[in-house]
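Fold and contact review
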Amino acid sequence: MLDDMNKVVIKGGGAAGLRAASRLKRNGIDTVVIERESTLGGHLAQWDRLFPDGQKAKDVLDRLLSDINGVEVMTNHTITEIQRENDIFKIKLDDNTVIQADAVLDTTGFDIFKAEKKQEYGYGIYDRVITNAELESFFKTGSDRRIDNPKKIGFVHCVGSRDIKVGNTYCSKVCCATALKQACEMREAFPESEVYTFYMDLRMFGKGYEDLYLKAQQDYGVKCVRGRVSEVAEAKDGRLVIKAEDTLLGKPLKMTLDLLVLMCGMERKDGFIATKNGFVEQNITDEKGIFVAGTAIQPMTLPETIANADAAVLDIVEFLKRRK
Amino acid sequence: MNFGFSISPSSHIMMDDVSRKRFDALKKTEPDIAICMSCGSCTATCTAGANAEVSLRRMILMLQRGKDDEALAMASRCLLCGKCYLVCPRGINTRHVLLSISKCLGHDEDI
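Reading the values: the criteria
Residues numbered from 1 in each chain as written. Chains lettered and ligands numbered in written order. Predicted model: local features only at pLDDT ≥ 70, side-chain atom pairs only at ≥ 80, totals over all residues. Heavy atoms only, no water. Helix = DSSP H or I, 4+ residues; strand = E, 2+ residues; numbered from the N terminus. Rg over C-alpha atoms; globule rule 2.2 N^0.38 Å. Buried < 20%, exposed > 50% of the residue type's maximum accessible area, 1.4 Å probe, protein only. Contact = heavy atoms within 4.5 Å. Core = buried A, V, L, I, M, F, W, Y, C linked by side-chain atoms within 4.5 Å. Pairing = 2+ DSSP bridges. Axes fitted to C-alpha atoms, helices over the stretch in contact; angles between N-to-C directions. Salt bridge = Lys/Arg side-chain N within 4 Å of Asp/Glu carboxyl O. Buried area = accessible area lost by both parts, 1.4 Å probe. Polar contact = N/O pair within 3.5 Å; in protein donor to acceptor, adjacent residues only side chain to side chain. Phe/Tyr/Trp six-rings, centres within 6.5 Å; stacked < 30°, edge-to-face > 60°. Lys NZ or Arg CZ within 6 Å of the ring centre and 35° of its normal.

1. So, the overall build of chain A
- Across its full length, chain A carries six helices and 20 strands.
- Since a compact globule built from 324 residues should have a radius of gyration of about 20 Å, the 22 Å found for chain A is in line with a globular shape.
- On the principal axes, the C-alpha backbone points of chain A span a range of 65 × 35 × 35 Å.
- With 324 residues in all, chain A has 53% of them scored as buried.
- Contacts in chain A between residues far apart in sequence, at least 24 positions, make up 65% of those at least 6 positions apart.

Dropping the structure here:
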């Protein structure tokens, strides 16, 4: 049995943090979740429906929240300093509270790529260029003045991903499936609309993703064009003229759209957190007693994030036991 | 006046000018044309393609980009051997699609 003195501090109350907290609790380990925002849930709380089959994000979040019932949660708090004294961490918060812990789990997740960095897409300049996150909040609230019964809608994949120029060389993993999910939802919301997605590859790797791709083409008539949008300009009437190459036909293409949605990927200001070994020590950092889980390590889908949090908990439990 | 040169038309596909009516009509008969993922299996295995430019995946794309005439010309070179049907991973009845392209957009005698 683990000593009652064992305490784990989780930094970040998103999907990974919540899942890890519930698992640590089930293992009898005293856990505190520190969340900088006023509410828990991270990006999941901002999302409406999830790929591949449109499950409500709220249902998943509610389940994660009900599972942490009884775990101490401190919202509106940030960690300002972590000090190690022998094997004990002294974690200082912004209100000068100090928490003592045996281990720390970093689940600080990702930031959404700032679309204005890709100037050629005109986000922040042209009114009808929006982001995937903004479209998701439109699905949630049903209102966005920029979305006014659009007839032609475009989605741009890989915005801020697979892009050496913006410093993000990796694939963000979730945008392909999100784009097709949102494309289907737009066809549903605006049945008269034509929806185009502009992709470099469609990376439909997960369970049910390829079925989503087929469904988007077959049932929703979503038109996938292989080629990256190279530039966007505003027409006199406020509509958008885009250029891309249809690389499958080898011809450049021009099109006027009413709405362009940018599939912004994942990034972290100071980069993703390195772990000891990408195969067999995926949640262990070089700093003894400090663990990491979820999209703080690399872009992950939600099921991957939850599985990754479970794995981190196992590492923490073993670490605490070994210290006895 | 002859300046000794002329201006080539834009090579851009102007999607705003493309009418989807004929493609959508074809899609009613052949709903499978929407699920092509351009893998190129059909083109790689094409019997006629060894000697002439024939590619079903390109034909399907051309029709979506308003290049009906080019698609029809290509369709006329098909031998209807059906090998592409064997290799299509999405199970598209390619032979039938080819026949419908000619039927919907051109004349039967083109094949």
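Next comes the rest of the account.
2. Some thoughts on the nonpolar core
- Met186 and Leu262 of chain A together with Ile101 of chain B are the most contacted members of the largest nonpolar core, which has 88 residues in total.
- Counting residues per element, this core draws most heavily on helix 4 (residues 175-189) of chain A, at eight residues.
- Beyond its immediate sequence surroundings of up to four residues, isoleucine 101 of chain B is in contact with Leu26, Leu56, Met59, Leu63, Leu72, Ala75 and Gly106 of chain B.
- Val8, Leu18, Leu40 and Leu44 of chain A belong to the second largest nonpolar core, which has 32 residues in total.

3. Topic: the sheet that holds strand 18 (residues 259-264) of chain A
Residues and elements named next belong to chain A.
- Within the open sheet, the five strands sit side by side as 11-18-12-13-14. Their pairing is parallel. Strand pairing shows two members of the sheet lacking a second neighbour, strand 11 (129-131) and strand 14 (223-226), which therefore form its edges. Between one strand axis and the next, the sheet turns through 25 degrees on average, direction left out of account.
- Direction of pairing for strand 12 (residues 152-159) relative to strand 13 (residues 194-199): parallel, over a ladder of five bridges. Paired with lysine 152 across the bridge in strand 13 is glutamate 194.

4. Examining the pattern of salt bridges
Residue and element names in this part refer to chain A.
- Counted according to the given criterion, the structure contains 33 salt bridges over all chains.
- Its salt-bridge partner being aspartate 201, residue arginine 162 comes within 2.7 Å of it at the nearest N-O pair. With arginine 162 in the loop between strand 12 and helix 4 and aspartate 201 in the loop between strand 13 and helix 5 (209-218), this residue pair connects regions lying 39 residues apart in the sequence.
- Taking the relative accessible area as the measure of exposure, arginine 162 reaches 24% and is therefore partly exposed.
- Taking the shortest distance from any N to any O, the salt bridge between arginine 203 and aspartate 201 comes out at 3.7 Å.
- Several salt bridges converge on common partners, so that one network encompasses Arg49, Glu136, Lys181, Glu185 and Glu188.

5. Observations concerning the pairing of strand 15 (residues 229-234) of chain A
Residues and elements named next belong to chain A.
- Where strand 15 meets strand 16 (residues 240-246), five bridges bridge the pair, whose relative direction is antiparallel. Residue pairing for strand 16: valine 229 is matched across the bridge by alanine 244.
- What sits between strand 15 and strand 16 in their antiparallel hairpin is a turn of five residues, with glycine 238 showing a positive phi close to 90 degrees.

6. Considerations on the interface of chain A and chain B
- With 21 residues of chain A in contact, the opposing surface of chain B contributes 20 residues.
- Contact between chain A and chain B buries roughly 1900 Å² in total, counting both sides, with carbon and sulfur atoms accounting for 54%.
- Our count for the contact surface shared by chain A and chain B stands at two salt bridges.
- Between glutamate 210 of chain A and arginine 90 of chain B there is a salt bridge whose closest N-O contact spans 3.3 Å.
- On inspection of chain A and its partner chain B, the count reaches 10 residue pairs in polar contact (both at pLDDT 80 or more).
- Looking at the side of chain A that touches chain B, the elements with two or more residues in it are strand 13, helix 5, strand 14, strand 16 and strand 17 (251-257) of chain A.
- If you tally residues by element for the side of chain A that touches chain B, the top one is strand 17 of chain A, at six residues.
- Bridge count between strand 17 of chain A and strand 1 (residues 13-14) of chain B: two bridges; the pairing is parallel. The residue of strand 1 of chain B that forms the bridge with lysine 254 of chain A is methionine 14 of chain B.

7. A word on the environment of aspartate 315 of chain A
Residues and elements named next belong to chain A.
- Here aspartate 315 is to be found in helix 6 (residues 302-322).
- It is 43 Å that separates the C-alpha atoms of aspartate 315 and glycine 142, two residues lying 173 residues apart in sequence.
- Not counting chain neighbours up to four residues away, the residues in contact with aspartate 315 comprise Asn283, Ile284 and Phe291.

8. Quick notes on the packing of aromatic side chains
- Counted according to the given criterion, the structure contains seven aromatic pairs over all chains.
- Between phenylalanine 138 of chain A and phenylalanine 139 of chain A, the aromatic rings sit 5.9 Å apart at their centres with planes inclined by 50 degrees, giving tilted as the arrangement.
- Among the aromatic side chains, those forming a connected cluster through ring pairs are Phe51, Phe205 and Tyr209 of chain A.
- Across from the ring centre of tyrosine 196 of chain A, 5.7 Å away, lies the NZ or CZ of lysine 223 of chain A, which sits over that ring.
- Taking the ring centre of tyrosine 213 of chain A as reference, the NZ or CZ of arginine 90 of chain B above it sits at 4.7 Å.

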